[in-house]
Amino acid sequence: MTVLTSLAVLIAGMMAPAHAKPVTFAYQTPTLNSTLPLIVGVDFGFFAAEGLEVKTIFIRGGPTAIAALVGGDAVRAIAQGAPLTIISGMQPYMDYTLMGAKGITQVNDLKGKIVGVTGAGGIAEYAAVEGLAKKGLVRDRDYKILYGVGNSPARAQALEGGRIHASPFSFMERIELEQKGFPVLFDIGNVVSGFPFVVILSSKRKAETDPDGVTALLRGMKRGLDFLRTDREKVAAHIIKSNKFGDPTTIRKVVNQFSTVYSVGITKEDIEALFVAAHIEAEAKKLGGAEKFFTRSLLSKALGQNR
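Described below are features of the structure shown in this document.

## Section: the side chain of Ser152
- When you line up the elements, Ser152 lands in helix H4 (residues 152-161).
- A polar contact is formed between the side chain of Ser152 and the side chain of Glu173, at a distance of 2.5 Å.
- Discounting residues that sit within four places of it in the chain, Ser152 has contacts with Phe169 and Glu173.

Below you can see the structure in the form of C-alpha cells.
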C-alpha cells in the first residue's frame, strides 16, 4: 500500500540524562499536520513531565526503516511478520479532500469521468472509491479510476491538463490547490468515518521490555492533545515564532483543522476497518484478529491514569 502520510513509530532511544527515559519517534512526512502532536508534546513539556526525553527523527523512505506508515500499511506490515505492534491511535480521520478539475463543481459532474490516484491498492484509491460510494457514485459504473498518475504535483498537473477530472489530496495540498482555483468536491474524512488514518506503532521488544515507558509516552501524548484542543492559539503562535512551517495564515488553518481531530483512542473495530482497507481480512483472522495487531493494555493503562 502506498505510503501517503506520517505515522510516528516508537523505537529504542538514544543517550539521555539519568533521570529521563530516552524515546525516539521516527516519522516520514515533515508537514505540520503530520508532526503537530509531536511538536506540542516536546515543545510544551508534556513528554518531559512524564519523565521522558523524546527525540524526533525524520526518516526518508520509511518502509525500509520500519517507520512512517499509514494505518493500512501498519497492519499489512505486521501481517507480513514485522516485529511491530499498534499501541494507540493518533488521527482517526482520513485526511483527504476530493478536488475537482476546473469546471467540475459537484460530485455528479464526475459521471463518465476519470478519477486519478497514485497507484493500485493504495490509501488514495481506497479514499476516493469509498468516499464516492458514500456519495452514490459506483466505480466502473459511474466513473473510472486511473492508476499511475503520480505524486501530488503530478496529479495537480493532470487536473490542470484535463487528463483526470478529480483526485484526493491532503489538507495541506487542498489549501494550495484552492488558492489556484481548483474546486473542493467534498471532504472524504467527513463521509468515510471509523477509519484510523494514522496510528502509533512500537517495536514489540520495546512494548514488552519497557511497558512503563510506552505508557508514559501515551499519557504525555494524550495530555499534549488535550492542551492543543483547548489552547490552539498558543500553539499556533509558538509554531509561527519558530518560522519552520510557512505563513501564519496557513499555520492557523492547520492548527484549527486538526486540533480537535487527533486522538490516541482506538478500538477493535477501528483495527478491523484497517484490515478491510488493506485487503487482509482473511489473513488477519488466521493470525488471531485485531488483538494480535494491537497491545491494548498499554493504552488502557495510559488512559486510566490521571496525573
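The rest of the description comes next.
## So, the pattern of salt bridges
- As enumerated under the stated definition, the model contains 15 salt bridges in all.
- Between Lys102 and Glu160 there is a salt bridge, with its nearest N and O atoms 3.5 Å apart. Here the residue Lys102 occupies a position in the loop between strand S5 (97-100) and strand S6 (113-116), and Glu160 occupies one in helix H4, the gap between them amounting to 58 residues.
- Judged by relative accessible area, Lys102 falls into the partly exposed class, the value being 46%.
- Residue Lys222 pairs with Asp226 through a salt bridge whose shortest N-O separation is 2.9 Å. Here Lys222 pairs with Asp226, and both are found in helix H8 (residues 211-230), just 4 residues apart, close to one helical turn.

## What about unusual backbone geometry?
- Not every positive phi belongs to a glycine, and Asp140 is a case in point at roughly 70°.
- Relative to the assigned elements, Asp140 resides in the loop between helix H3 (123-134) and strand S7 (143-146).
- At His279, a residue that is not glycine, the phi angle is positive and equals roughly 60°.

## Here's the deal with empty space enclosed by the protein
- If you walk through the whole model with that rule in mind, you get 1 cavity of 30 Å³ or more.
- Quantified by volume, the largest cavity comes out at close to 30 Å³.
- In terms of lining, the largest cavity is formed by Tyr93, Met94, Asp95, Tyr96, Thr97, Phe171, Arg174, Asp187 and Gln257.
- Split by residue class, the lining of the largest cavity holds 4 nonpolar, 2 polar and 3 charged.

## Notes on the layout of surface pockets
- Each pocket or cavity is described by its volume, and for the second largest pocket that value is around 280 Å³.
- Secondary structure elements with two or more residues in the lining of the second largest pocket: helix H1 (32-43) and helix H9 (232-242).
- Ranked by residue count, the leading element in the lining of the second largest pocket is H1, at 5 residues.
- Partitioning the lining of the second largest pocket into residue classes produces 7 nonpolar, 4 polar and 2 charged.

## Describing H3
- In a regular helix each residue adds 1.5 Å, so 12 residues correspond to 16 Å; H3 covers 16 Å between its end C-alpha atoms and thus fits that length.
- The buried fraction of H3 amounts to 9 of the 12 residues, a majority that puts the element mostly inside the structure.
- Of the residues making up H3, those classed as buried are Ile123, Ala124, Glu125, Tyr126, Ala127, Ala128, Val129, Gly131 and Leu132.
- Two residues or fewer after H3 comes Gly136, characterised by a positive phi angle close to 95°.

## A word on the pairing of strand S4 (residues 84-91)
- For S4, the tally of buried residues reaches 8 of 8 residues, placing the bulk of the element in the interior.
- Examined bridge by bridge, S4 and strand S10 (residues 198-203) share 6 bridges and lie antiparallel to one another. Within S10, the residue paired with Gln91 across the bridge is Val198.

## Describing the packing of H1 against helix H10 (residues 248-258)
- Put simply, H1 and H10 touch, their axes get as near as 10 Å, and they point 70° apart. Relative to H10, the element H1 is oriented roughly perpendicular. Helix-helix and strand crossings are classified by hand; for H1 and H10 the assignment is right-handed. Across from Leu32, Asn33 and Leu36 in H1, the residues of H10 making contact are Ile251, Val254, Val255 and Phe258.

Conventions we followed
- The numbering scheme is per chain: residues are counted from 1 as the chain's sequence reads.
- With pLDDT at 70 or above as the cut-off, local features in this predicted model cover only qualifying residues; side-chain atom pairs require 80 or more to be listed or tallied, and sums for whole chains, interfaces and linings still use all residues.
- With hydrogens and water excluded, all non-hydrogen atoms of the structure serve as input to the side-chain values.
- Each helix corresponds to a stretch of at least 4 residues labelled H or I by DSSP, and each strand to a stretch of at least 2 residues labelled E; elements are numbered beginning at the N terminus.
- For the purposes of these results, a polar contact is taken to be a pair of N or O atoms within 3.5 Å, where, inside protein, one atom must be able to donate a hydrogen and its partner to accept one; residues adjacent in sequence count only when each atom of the pair is a side-chain atom.
- Contact criterion: two residues are considered in contact whenever any of their non-hydrogen atoms come within 4.5 Å of each other.
- A pairing counts as a salt bridge when a side-chain nitrogen of Lys or Arg comes within 4 Å of a carboxyl oxygen of Asp or Glu.
- Burial here depends on accessible area, computed with a 1.4 Å probe over protein chains only, as a share of the maximum for the residue type. Under 20% is buried, over 50% is exposed, and the range in between is partly exposed.
- Using protein atoms alone on a 1 Å grid, points that fit a 1.4 Å probe yet trap it form a cavity, whereas open point sets bounded by protein on both sides within 12 Å along at least five of seven lines form a pocket; residues with an atom within 4 Å of a point count as lining.
- Grid points are joined across faces, edges and corners, and a volume is the space filled by probe spheres set on the points.
- Residues are grouped as follows: Ala, Val, Leu, Ile, Met, Phe, Trp, Tyr, Cys and Pro are nonpolar; Asp, Glu, Lys and Arg are charged; all remaining types, including Gly, are polar.
- The span one expects for a helix is its residue count, reduced by one, times 1.5 Å.
- By this definition, two strands are paired if DSSP reports at least two bridges between them.
- The axes used here are C-alpha line fits, helices contributing only the stretch in contact, and every angle between their N-to-C directions lies in the interval 0 to 180 degrees.
- Angles are sorted into four bins: roughly parallel if under 35 degrees, roughly antiparallel if over 145, roughly perpendicular if 65 to 115, and oblique for all others.
- The sense of a crossing depends on the near helix, which, turned anticlockwise from the far helix by less than a right angle, makes the crossing left-handed and, turned clockwise, makes it right-handed.

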